[in-house]
Amino acid sequence: MTDTATLDARRQAAQLDFIARGAPLVVGDLAATPFDREALAALGPDDAVLRIDTGLSAEVLCLQAGGQRWALKRAWPEARVRNADGRTAFLNEIQRRADHLALKRREPARWHGLADTAWASFGDGLLLSPWIDGGPVAGWDERQLGQLLRLACDLWLEGLFEWDLSEANILDDGRQVRLFDFGYQYRFDPLTQFSSAGHGDDQPLFHPAERFETRCFSAHLLALERTAGRDAALAAFRREKAVALQAYRRLRREAAARGAQAHVLAWLDGFIGRWATALQGDAADLYLAEAWRSHVLDLDDDLRGQSCTPLTLERADWLLAALAGHFGALRAGQAFFGHDAGLDREALRRRYAALRRQAEAFQLSTRKEHGA
Ligand SMILES: Nc1ncnc2c1ncn2[C@@H]1O[C@H](COP(=O)(O)OP(=O)(O)O)[C@@H](O)[C@H]1O
Ligand SMILES: [Mg+2]
């Protein structure tokens, strides 16, 4: 692997090598649980209170033992996603659980939002966690937004970039928003890099609040636009941005205190300045630009995975309607990026009409609708 390889390519090579060597990786202590290894390996579906078998790399069994409930994640013999990220997701999750255990040992209160790991063994394809008694976040109030964004920023500060903040990977127990699926959480260097994308310092588009907005909150806003109208969606967006602004001011301070380089601090300053300015006004142009970015990124993701749903079509329809109704504001707000930068309105309309047709052709099941 050359020095010019992307961080993804290097990580995948190292993980695929780890898998090929059959190297053992065990996290936690099974003796502190009511289970033994043979019994866990031999569990059938009937032994579970609940079985979730829609996952791409594993199934999840809810078990009742020792007076509490447990989540047992069991790797499929062969991951259902055949790309490298899919094949390495289960190993990646156990590697991250090891990182999280170290963080939790240091500062338990700070990391309460991360699921605990009772025991995990890569060789056995098993990962055991206490069951989180909670449900999906419905309304995204300030507590929920603050906890989620702060946790994503705290992970970023530790050099852990969580890519998949989808609705299905976030539970709220009424007091604390919790994360438990770390198959797509990758390492990077927060002192010199923005994320684990590209070479780390050449893709400024991705950041913790962007991941939350793209994978989760943009769908919430889309539903609000549909059911309660644009003003209600804009009010929810302003609330989220105010919370994100607070989280990023803290993130910026902490990054500076830890010695992050000037280009990283300038990158954070860019978000902080933009959001603060927008929130002094009605933030409508920022809404358009951020929603454009999130819908474009998620549409692209669904098309690449050929895993489109009605939500994908709704995102494409939003993009086409935004071009028809707000092209000037989008351009003025520098919303267009990547392939889109420099295209005129008609070229963009043709492009997104074509992508919408592709999304229609790739309609699969409803599984991806709530993330993976
Ligand atoms: N510790 C847990 N507590 C409660 N529910 C869980 C827990 N772990 C997983 N689940 C449930 O199982 C589903 C799939 O688990 P997840 O870790 O997201 O697997 P996948 O990698 O297949 O997406 C989650 O969306 C959630 O509903
Ligand atoms: Mg998941």
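Per an unreviewed UniProt entry, the protein goes by Phosphotransferase enzyme family protein and derives from Pelomonas caseinilytica.

Asks: Describe the nonpolar core, with residues and values.
Replies: With 83 residues, the main nonpolar core has Trp140, Trp156, Phe212, Tyr248, Trp292, Trp318 and Tyr352 as its most contacted residues. Top contributing element to this core by residue count: helix H6 (residues 230-258), with 11 residues. Taken together, domain 1 (1-131) and domain 2 (284-370) each give at least three residues to this core, which thus spans both. With residues near it in sequence (within four places) discarded, Trp140 still touches Leu145, Leu148, Ile170, Phe212, Cys216, Phe217, His220 and Arg239. Counting 14 residues, the second largest nonpolar core, distinct from the first, contains Leu30, Leu43, Ala48 and Ala65.

Asks: If you had to explain a nonpolar patch on the surface to someone new, which residues and values would you point to?
Replies: A surface patch of nonpolar side chains, about 240 Å² in accessible area, is lined by Val49, Leu50 and Ile52. Here Leu50 shows up in strand S2 (residues 50-52). Take Leu50: its relative accessible area is 41%, and that puts it in the partly exposed class.

Asks: For the pairing of strand S6 (residues 126-130), give the residues involved together with the corresponding values.
Replies: Most of S6 is tucked away: four of the five residues are buried. Note that strand S4 (residues 68-75) and S6 share five bridges and pair antiparallel. Looking at the pairing, Arg74 lines up with Leu126 of S6. In the sheet, strand S5 (residues 119-121) pairs with S6 via three bridges, with the strands oriented antiparallel. Among the inter-strand pairings, Ala120 is bridged to a residue of S6, identified as Leu127.

Asks: Break down the pairing of S4 for me, citing the residues and quoting the values.
Replies: Pairing analysis gives eight bridges linking strand S3 (residues 58-65) to S4, with the strands arranged antiparallel. Bridging across to S4, Val60 finds its partner in Lys73. Following S3, the chain reverses through two residues before pairing antiparallel with S4; Gly66 in that reversal takes a positive phi of roughly 60°.

Asks: Tell me about the environment of Leu114, and name the residues and values.
Replies: Inspection of the secondary structure assignment puts Leu114 in the loop between helix H3 (84-106) and S5. For the pair Leu114 and Leu151, spaced 37 residues apart in sequence, the C-alpha to C-alpha distance is 8.2 Å. Look past the residues within four positions of Leu114 in its chain and what remains in contact with it is His100, Lys104, Leu151, Leu155, Arg178, Leu179 and Phe182.

Asks: With reference to specific residues and values, describe the packing of aromatic side chains.
Replies: Two aromatic rings, taken as a pair, are described by how far apart their centres are and by the angle between their planes. This model, assessed by the stated rule, comprises 18 aromatic pairs. On the numbers, 6.1 Å between centres and 85° between planes, the contact of Tyr248 with Phe271 is edge-to-face. Here Phe271 lies in helix H7 (residues 262-280) and Tyr248 lies in helix H6, a separation of 23 residues in the sequence. Looking at Phe271, the relative accessible area reads 15%, which means it is buried. In this structure, Arg11 is placed above the aromatic ring of Tyr186, and the distance from its NZ or CZ to the ring centre is 3.4 Å.

Asks: How would you explain the sheet that holds S2 if you had to name every residue and give the values?
Replies: Pairing within the open sheet is antiparallel, and its six strands lie in the order S1-S5-S6-S4-S3-S2. Since the sheet does not close on itself, it has two edges, and those belong to strand S1 (26-28) and S2, each with one partner. The mean inter-strand angle of the sheet, taken between neighbouring strand axes irrespective of direction, is 15°. Across the face of the sheet, H3 comes into contact with S1, S3, S4, S5 and S6 while running at roughly 45° to S6.

Asks: Give me the environment of Ala115: which residues, what numbers.
Replies: Examined against the element boundaries, Ala115 turns out to sit in the loop between H3 and S5. Ala115 has contacts with Arg97, Lys104, Ile132, Arg178, Leu179, Phe180 and Phe182, leaving out every residue within four places of it along the chain.

Asks: Describe the domain arrangement of the protein, and please don't skip the residues or the numbers.
Replies: When the domains of the protein are assigned, the result is domain 1 (1-131) and domain 2 (284-370). With centres defined by C-alpha atoms, the gap from domain 1 to domain 2 works out at 34 Å.

The rules behind these values
Residues numbered from 1 in each chain as written. Chains lettered and ligands numbered in written order. Predicted model: local features only at pLDDT ≥ 70, side-chain atom pairs only at ≥ 80, totals over all residues. Heavy atoms only, no water. Core = buried A, V, L, I, M, F, W, Y, C linked by side-chain atoms within 4.5 Å. Buried < 20%, exposed > 50% of the residue type's maximum accessible area, 1.4 Å probe, protein only. Helix = DSSP H or I, 4+ residues; strand = E, 2+ residues; numbered from the N terminus. Domains from an automatic or database assignment. Contact = heavy atoms within 4.5 Å. Patch = residues over 30% accessible without salt bridge, like charges linked within 9 Å, V, L, I, M, F, W, Y side chains within 5 Å. Areas by Shrake-Rupley, 256 points an atom, 1.4 Å probe, with all protein chains shown as cover. Salt bridge = Lys/Arg side-chain N within 4 Å of Asp/Glu carboxyl O. Pairing = 2+ DSSP bridges. Phe/Tyr/Trp six-rings, centres within 6.5 Å; stacked < 30°, edge-to-face > 60°. Lys NZ or Arg CZ within 6 Å of the ring centre and 35° of its normal. Axes fitted to C-alpha atoms, helices over the stretch in contact; angles between N-to-C directions.

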